[in-house]
Amino acid sequence: MAPYESDDTTTARQAGEADERGAGRRRAARYVVPVTVMGVAAATIGLVPALADSGDPDLPKITAAQLIEKMAQSDVEQLSGTVKITTDLGLPDLGGLESSLTPGAMGRGGDGGSSADPTARLTELASGTHTLRIAADGADRQKVSLLGNASEYSLIHNGEDVWGYDSESNEVFHGTTDESAGDEDREHQPPATPKDFAEEALKSVDATTSVTVDGTAQVAGRDAYKLVVKPRQAGSTVGAISIAVDHRTGTPLKFTLTPASGGAAVVDIGFTKVGFDRPAASTFDFTPPKGAKVTEEGELDGGEKGSGEKGGEHRRPEGAPKSEEDLAKGLDGLKVLGEGWNSVATFGTGAEGGLPTGSGGGDLDGFLGSLGDQVKGEFGTGTVFSTRLVNALFTEDGTVYVGAVTKDALVKAADEAK
């Protein structure tokens, strides 16, 4: 079936009407997908055989603007199914060092943390292939289970309660949500479906973006349109974003982000099985198993909530930020340079020398430096750390430039900032 083209200008305008956010929010949203992939969760899915065997369904023609509007008007609140998720950022092999530095590493080692802490467990989705079983019943009830070979980790949100359970260690995490906080309170609700990623990607639709409908596909046994979002500008590491949208419900069924450099998808997440009936209420019930070690949220953050036991002392180095808000306050003059897909975030680290160092000093500096590329420009000298999607430049004066752009684009941004 031939692709369905649309007028990109009209598409961008209508997409903006559907999502009435400021230009600054749309530019910042461009970082949500790669940052989510790197720091919390993200994905590639093994649906190629299913798509190849299914053929392309014959659906009524639709423009990109109409398809985006269909997604925006989707009122699906109940669903359940299986999601397969893989991430291929092309990160260097650190020989296990990265796992020892994650929040969960200390918990699993018995150093005061909990293997059921969602902050720790969901970072596992930043690499490799994983299978998730998900269920949702409105805004107050969701469940995501990460399936292992002989174990399972479940994260359950039921009303005010958030439970995490690691069957392998028989450990339980318990926290609560602030119902009055609305969309701002999403600490325990990571992106786990194609819809989560699609919503963030569509915030990036503007005049620098090409949006088309590229035929149809079948995902998880359902007929879908394929919406393709591409940067118009050179210099972005993003090649294209493809979103398979369910023909009947407008729900994104599959999200694929391919890099401009080619090769396998960096992010590719989709349903292998999905249904839109209301899950049984018992799906979201949870009672800690007999003998399980239960850790309250307050025990992991220094006693700010819950019982206030001293477990948090082992979770965070002295002087480290206690929240994302504290971390943001620590960034020196965070701002965004450029526009569109070539926008670059920059901030000061407050320390000269270009690279962060630990208590050991130069050893860590030298190790990190060996993982990057040395660059020079009008800004001076620095080191670029690269993945297949996000690149970051640390300059000798302690300034950082980061974005889903090429190394040359980072150097150019640093030069122009001077």
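Residues numbered from 1 in each chain as written. Predicted model: local features only at pLDDT ≥ 70, side-chain atom pairs only at ≥ 80, totals over all residues. Heavy atoms only, no water.

Draft legend 1. Layout of the overall build of the protein. Of regular secondary structure, the protein possesses twelve helices and 18 strands. Evaluated residue by residue, the protein yields a buried proportion of 45% over its 418 residues. (Helix = DSSP H or I, 4+ residues; strand = E, 2+ residues; numbered from the N terminus. Buried < 20%, exposed > 50% of the residue type's maximum accessible area, 1.4 Å probe, protein only.)

Draft legend 2. Examining the nonpolar core more closely. Of all hydrophobic cores here, the largest spans 54 residues; its most connected members are Leu132, Leu202, Leu227, Ile241, Ile243 and Leu257. Counting residues per element, this core draws most heavily on strand β9 (residues 238-246), at five residues. Counting 13 residues, the second largest nonpolar core, distinct from the first, contains Val375, Leu393, Val405 and Ala413. (Core = buried A, V, L, I, M, F, W, Y, C linked by side-chain atoms within 4.5 Å.)

Draft legend 3. Fine view of the pattern of salt bridges. Scanning the entire structure with this criterion turns up seven salt bridges. Salt-bridge contacts for Asp88 lead to Arg388; the nearest nitrogen and oxygen are separated by 3.2 Å. Highlighted residues: Asp88 in the loop between β1 (78-87) and α6 (97-101) and Arg388 in the loop between β16 (380-386) and β17 (391-395), separated in sequence by 300 residues. For the salt bridge of Arg141 with Asp137, the shortest nitrogen-to-oxygen distance reads 3.5 Å. With a relative accessible area of 8%, Asp137 lands in the buried category. Where salt bridges share partners, they join Asp137, Arg141 and Arg278 into one cluster. (Salt bridge = Lys/Arg side-chain N within 4 Å of Asp/Glu carboxyl O.)

Draft legend 4. Spotlight on helix α5 (residues 64-72). Listed in full, the buried residues belonging to α5 are Ala64, Ala65, Leu67, Ile68 and Met71. Viewed end-on, α5 has its buried residues packed into an arc of 165°, placing them on one side of the element. (Arc of directions from axis to C-beta.)

Draft legend 5. Looking closely at the packing of aromatic side chains. Within this structure, the stated rule accounts for three aromatic pairs. Ring centres 5.7 Å apart and planes at 45° place the aromatic pair Tyr165 and Phe286 in the tilted group. Taken as a pair, Tyr165 in strand β5 (residues 161-166) and Phe286 in the loop between β11 (267-275) and β12 (293-296) lie far apart in primary sequence, 121 residues in all. With centroids separated by 5.5 Å and ring planes inclined at 85°, the aromatic side chains of Phe385 and Phe394 adopt a geometry described as edge-to-face. Judged by its relative accessible area of 19%, Phe394 falls in the buried class. Taken together, the ring pairs in this structure connect Trp163, Tyr165 and Phe286 into an aromatic cluster. (Phe/Tyr/Trp six-rings, centres within 6.5 Å; stacked < 30°, edge-to-face > 60°.)

Draft legend 6. Structural view of unusual backbone geometry. Here Asn170, not a glycine, exhibits a phi torsion of approximately 55°, which is positive. Note on placement: Asn170 falls in the loop between β5 and β6 (171-176). For Ala220, which is not glycine, the phi dihedral falls at a positive 55°.

Draft legend 7. Region of interest: the confidence of the model for the protein. When pLDDT is averaged along the protein, the result is 74, and 63% of the positions lie at 70 or above. Across residues 303-328, where pLDDT falls below 50, the model places 34 contacts with residues more than four positions away in sequence or in other chains. (pLDDT = per-residue confidence, 0-100. Contact = heavy atoms within 4.5 Å.)

Draft legend 8. Quick look at the pairing of β1. Within β1, seven of the ten residues are buried, which leaves the element mostly enclosed by the surrounding structure. In this structure, β1 lies alongside strand β2 (residues 128-137), joined through ten bridges in antiparallel fashion. Its bridge partner being in β2, Leu79 is matched across the sheet by Ala136. Judged from the eight bridges that link them, β1 and β11 form a sheet pairing that is antiparallel. Its bridge partner being in β11, Ile85 is matched across the sheet by Ile269. (Pairing = 2+ DSSP bridges.)

Draft legend 9. Local environment of the side chain of Asp137. Within the secondary structure, Asp137 sits in strand β2. Engagement of the side chain of Asp137 in a polar contact is seen with the side chain of Arg278, the distance being 2.7 Å. Filtering out sequence-adjacent residues up to four positions away, Asp137 remains in contact with Glu77, Gln78, Arg278, Pro279 and Phe284. (Polar contact = N/O pair within 3.5 Å; in protein donor to acceptor, adjacent residues only side chain to side chain.)

Draft legend 10. Quick look at the pairing of β2. Taken together, the six bridges between β2 and strand β3 (residues 141-147) define a ladder with antiparallel strand orientation. Opposite Ala136, over in β3, you have Gln142 as the bridge partner. Linking β2 to β3, which pair antiparallel, is a turn of three residues; within it Gly138 sits at a positive phi near 75°.

Draft legend 11. Expanded view of the sheet that holds β1. Across the sheet, twelve strands lie side by side as β7-β8-β9-β10-β11-β1-β2-β3-β4-β5-β6-β12; this open sheet has mixed pairing. Only two strands of the sheet have a single neighbouring strand rather than two, namely β7 (209-219) and β12. With direction set aside, neighbouring strand axes in the sheet form an average angle of 20°. Here strand β4 (residues 152-158) pairs with β5 via six bridges, running antiparallel. Among the inter-strand pairings, Tyr153 is bridged to a residue of β5, identified as Asp166. (Axes fitted to C-alpha atoms, helices over the stretch in contact; angles between N-to-C directions.)

Draft legend 12. Representation of the environment of Lys335 within the structure. For Lys335, the position within the fold is in strand β13 (residues 332-337). For Lys335, a relative accessible area of 49% corresponds to the partly exposed category. Distance from Lys335 to Phe347, taken between C-alpha atoms, is 6.6 Å for residues twelve residues apart in sequence. Ignoring anything within four residues of it in the chain, the contact list for Lys335 reads Val344, Ala345 and Thr346.

Draft legend 13. Focus on the environment of Asp117. By the element assignment, Asp117 lies in the loop between α7 (103-108) and α8 (118-121). On a C-alpha basis, the gap between Asp117 and Thr295 in space is 8.4 Å, while along the polypeptide they are 178 residues apart.

Draft legend 14. Local environment of the side chain of Asp166. Of note, Asp166 is situated in strand β5. Of the residues examined, Asp166 reaches a relative accessible area of 5% and is grouped as buried. Of note is the side chain of Asp166, whose polar atom sits 3.3 Å from the backbone nitrogen of Glu168.

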